[in-house]
Each structure stands twice: as C-alpha cells, then as structure tokens.
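# Breakdown of the fold
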Amino acid sequence: MSRYVYTGDAVPLLTGDNREPNELDSDDGEIIFDRSTSNVPPGAGEVAQRRLTYEEAIEEAGFGLFHWLLLLLCGWANASDAVEILCVSFLLPTARCDLLLSSSDMGLLTASIFLGMMVGGYMWGYLADQRGRCKVLVVSLSVNGLFGGLASAAPWFWLFLLLRFISGVGVGGSIPVIFSYFSEFMPRLRRGAMISALATFWMAGNILAAGLAWMVIPRTWAHFSLGGLDFQSWRVFVVLCSVPSLTSALLFRLLMPESPKFLMEAGREREAIRVFRLMFELNTGRRGQPFPEFGLCTSSKKREEADDLKLLVSRREQLANILKKGVKPIQQMFRGVLRSRSIVVLIIFFCISFGYYGLWMWFPELFTRIENGGSPCANVSLPSPLQNHSCYPVKTAVYLEGFVIAASNLPGNIFTILMMDNTGGKTLLCESLPAA
C-alpha cells in the first residue's frame, strides 16, 4: 500500500479535492480509509471499516442541493439536444428556397440527424462504459454544437446535409448518456420522479427552438452578407441553436464530477468516495455534519480488461477486441428472459418516435403550405429559384403555431412527474399512449 501525495493540480469546481492528509490509496482498490489509531476516535473503528454497495452509498450521500443543481445542468443539456434536432423543422420553410430543396431533399435533411443518432448511439454508448459518462458527454455535446453551428455557413445542400449528419452523431451520444449519468446520482426512491423531471426539459428545448425561430427567422435585421454567402436569418437561427450544446459541454467540463457508479465499476474507489463526499456536503449545506466514513464494494473487471487490451500487440487484435466488447451488451439484450422484453420495448419506442418526430419535423412546412393556400400533401419535387416568392416575407404564424404545440406538452409532463413513483411507468404508458 502506498501513501497518496497531493500534487496540487487544478480540479473542477464541483469536483474539488476533499482528501484528508492521512487518506491512503491502495493499488488494488480494496481499502480506502486506513487511518492510524491516533486519528480515529474511540469506538469508530467498526464504522470506518464499513463497505457499502452503490445503492447504500447513494443513500448515505442524501438528497438535496446537489441533485437540484444536477437536474438544471443535465436538463439544459437535454434541452440543447431537443433544440438541435428540431431546428431543422423550423428552418425548412425558408431554407428550401436558398438551398433549392425539393420535397425529397427536405426529407433527407430531416432524416440525416436521426441517421447520425443511430451511428452515435452505439459508438458513444460503448465509450461511456469504457471511458466515463462525463467525458463522453463533453465530447458528444461539443460535436453536436460545433458541427451544428458550422452547418449555418454551408452554401450547398449536400454539405449542409453532411454537417447535420455529424451533428446527429453527437446527439446520439448525449441523449442516452445524459439519462444514464443523471440516474446514477439518484436515490432509488426518487429516481423515477427525477428522471421524469429531466425529461421535461425536452419540452423546454422544444419551446426554446420554437421561440428562437419566431424571434429570428422572420426578422430582416438578421440578414447580412458574409463574403460571397448571403447569410439569411435562418442561418443565424442555426448558429443560435448550437449555443446550448456548446455551453452544456463547457459546464460539464468545468463543474461536473464523474458518475460514482462508473468509478466503482472501474475499481476507482478513492475517486468515488470523493464524489459521495461532495454530494453529502452540498446536500447537508456544510452544517458541520461529519461525512460518514466507509469503503465501497468496487469491481476490478474494467481494470483487468484494460490490462488485457494492453497485452494485445497487433492493432488488428485490439480493434477486434474493442468491437467484440462493443457488441456484447447488445447480444445480452436478446438472450434469455431479456429477449422478449427488449423486443417489446424497442417496438414501443419505435412507434412513439415514429409518431412524434414523424409529425413534429414536418409541422412548420405543412403549416406554411396551408398558409400559402396550398395542400399539405403536395409533392414539391422540382426546385427552382423562382420559388423564393413563396418563402419571403416569412409568415410569423407558422412559428407561433409551433410554439403553441411545444407548450402543449407541459400538462402531460407535470402529470408524469407527480404520478410516476405512485403508479409506475408501465401504467402511465398504458394510459398515455391510447390517449395520444
């Protein structure tokens, strides 16, 4: 066993170093607090030797300010994903003229971000299990915001499509990982209601996207020239939609600790203890309550897998091993008792996504066609610069209608938060899906 020496390196604000001078670090991850008898009060020896599971340690850390701050930061990240996805639907009525889009082109543009999400979901999910939830969130949110913003300067449709696809790769990582990261800080009895509260921020993102479109796209002041590019107001709107993702990435990089569940699974007991201590201090308001001393039941499986990977000399062997570990969790979903449940859940989620996004992504375009006296079912397959007369001036009614539809989700979200822990998720699904 070797004694830990503080190096004085800078640490994030919410991951402050709370180590005591006499705290020890073990190479095998089995013992965290090994205090000498001079520093341990009489009768405290048994308490210091407690070893807690993940759920027990979460309960010891309590519930309070830390979790509400976590809800705000994770909620902002969740809202940023909603903004990035839905911004395409609001720019279609005007961007179709500048990019000369047919109905099939608009369909491709709408689908591109979801294709990117399919790719990103597998890639970022694997990396989150191997490298940590917080690190993956920072990178995926940065990819989302960066390439989403760069799309605003794309002069051609195919370049715009490619950049939106890459932005979708980032969204595919941040959406699932943000819920995993958030739930791993929650006590068991509050997990359902708090996850429902986090999902409410998706509605907030819808409202934000509709509000930005309403305020920016119809305005003439948001139109200027950038070199040889005519920077219309919808391009300014695309830039503004990338800001929430970039600010979320920055906040996670500066303020947020790693998931304690991931740290325990990786055998990094000392770091997990520091996260639990941070949660305890914020939740109790530093009112002089001593942090309960305990060890953790950790796993060394991930560390052993990393050591095994280093032994593989060939890059081909390393790549094959990574792909094998990436596919293994998917295979486990469709084995034994999980097979039927996984298939049913996937079908339900597909149907919900098809119905929700299938309409949402086309609402502004359909409303525009109706406002212009046309049919919402018309197939505009021949793009022409002469179509510009139907795009400008922009009608604000389209974005007002989108704003109202986004706000209509509020009653359902509030009802879910209040009833989730009382009725259960299955009962809510069975009642809400027929109503929808």
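Rules used throughout
Residues numbered from 1 in each chain as written. Predicted model: local features only at pLDDT ≥ 70, side-chain atom pairs only at ≥ 80, totals over all residues. Heavy atoms only, no water. Helix = DSSP H or I, 4+ residues; strand = E, 2+ residues; numbered from the N terminus. Expected span 1.5 Å × (residues − 1). Bend = angle between axes of the 7 residues up to and from the residue. Buried < 20%, exposed > 50% of the residue type's maximum accessible area, 1.4 Å probe, protein only. Lys, Arg positive; Asp, Glu negative; His and termini not counted. Salt bridge = Lys/Arg side-chain N within 4 Å of Asp/Glu carboxyl O. Polar contact = N/O pair within 3.5 Å; in protein donor to acceptor, adjacent residues only side chain to side chain. Axes fitted to C-alpha atoms, helices over the stretch in contact; angles between N-to-C directions. Parallel < 35°, antiparallel > 145°, perpendicular 65-115°, else oblique. Contact = heavy atoms within 4.5 Å. Nonpolar A, V, L, I, M, F, W, Y, C, P; charged D, E, K, R; others polar. Core = buried A, V, L, I, M, F, W, Y, C linked by side-chain atoms within 4.5 Å. Arc of directions from axis to C-beta. pLDDT = per-residue confidence, 0-100.

Time to look at helix α16 (residues 410–423). For α16, built from 14 residues, the straight-helix expectation of 20 Å at 1.5 Å per residue is met to within 8% by its first-to-last C-alpha distance of 19 Å. A bend of about 35° at Ile417 is the largest found in α16. Gly424 sits one or two residues past α16 and shows a positive phi near 95°.

Moving on: the side chain of Arg235. With respect to the helices and strands, Arg235 occurs in helix α8 (residues 233–255). Lacking a salt bridge, the buried Arg235 has Asp98 as its closest oppositely charged neighbour, with an N-O distance of 5.8 Å. In this structure the side chain of Arg235 is engaged in a polar contact, spanning 2.7 Å, whose partner is the backbone oxygen of Ser152.

Below, the discussion takes up the packing of helix α3 (residues 65–98) against helix α10 (residues 269–284). Taken N-terminus to C-terminus, the directions of α3 and α10 make an angle of 105°; their axes are 6 Å apart at the nearest point. Considered as vectors, α3 and α10 are oriented roughly perpendicular to each other. Across the interface between the two elements, Leu65, Phe66 and His67 of α3 pack against Leu278, Met279, Leu282 and Asn283 of α10. Of the residues that constitute the contact of α3 with α10, the class distribution is five nonpolar, two polar and no charged.

Residues Leu70, Tyr181, Phe252 and Phe276 are the most contacted members of the largest nonpolar core, which totals 48 residues. Here this core takes eight residues from α10, the largest share from any one element. Dropping the residues within four chain positions of it, Leu70 is found in contact with Gly75, Tyr181, Phe182, Phe185, Met186 and Met256. Ranked by size, the runner-up nonpolar core spans 43 residues in total, among them Val88, Leu161, Trp234 and Val238.

What follows covers helix α2 (residues 54–61). Residues that lie three or four places apart on an α-helix share one face, since the helix turns once every 3.6 residues. Taken as a whole, α2 has its buried residues at Tyr54, Ala57, Ile58 and Ala61. All buried residues of α2 lie within an arc of 105° about the axis, which places them on one face of the element. Against the buried residues of α2 lie β3 (51–52), α6 (157–183), α7 (191–216), α9 (260–265), α10 and β6 (295–296). With its phi angle positive at about 80°, Gly62 sits one or two positions after the end of α2.

Next up on the list: the confidence of the model for the protein. A residue-level look at the protein finds 73% of positions with pLDDT of 70 or above and a mean pLDDT of 77. Mean pLDDT across the elements of the protein bottoms out in strand β2 (residues 24–25) (41) and peaks in helix α5 (residues 133–150) (94). Low confidence marks residues 16–48, where pLDDT is under 50. Its contacts with residues over four positions away, or in another chain, come to 62 contacts. Predicted confidence for residues 381–389 stays below pLDDT 50, and this span has 13 contacts to residues more than four positions away or in other chains.

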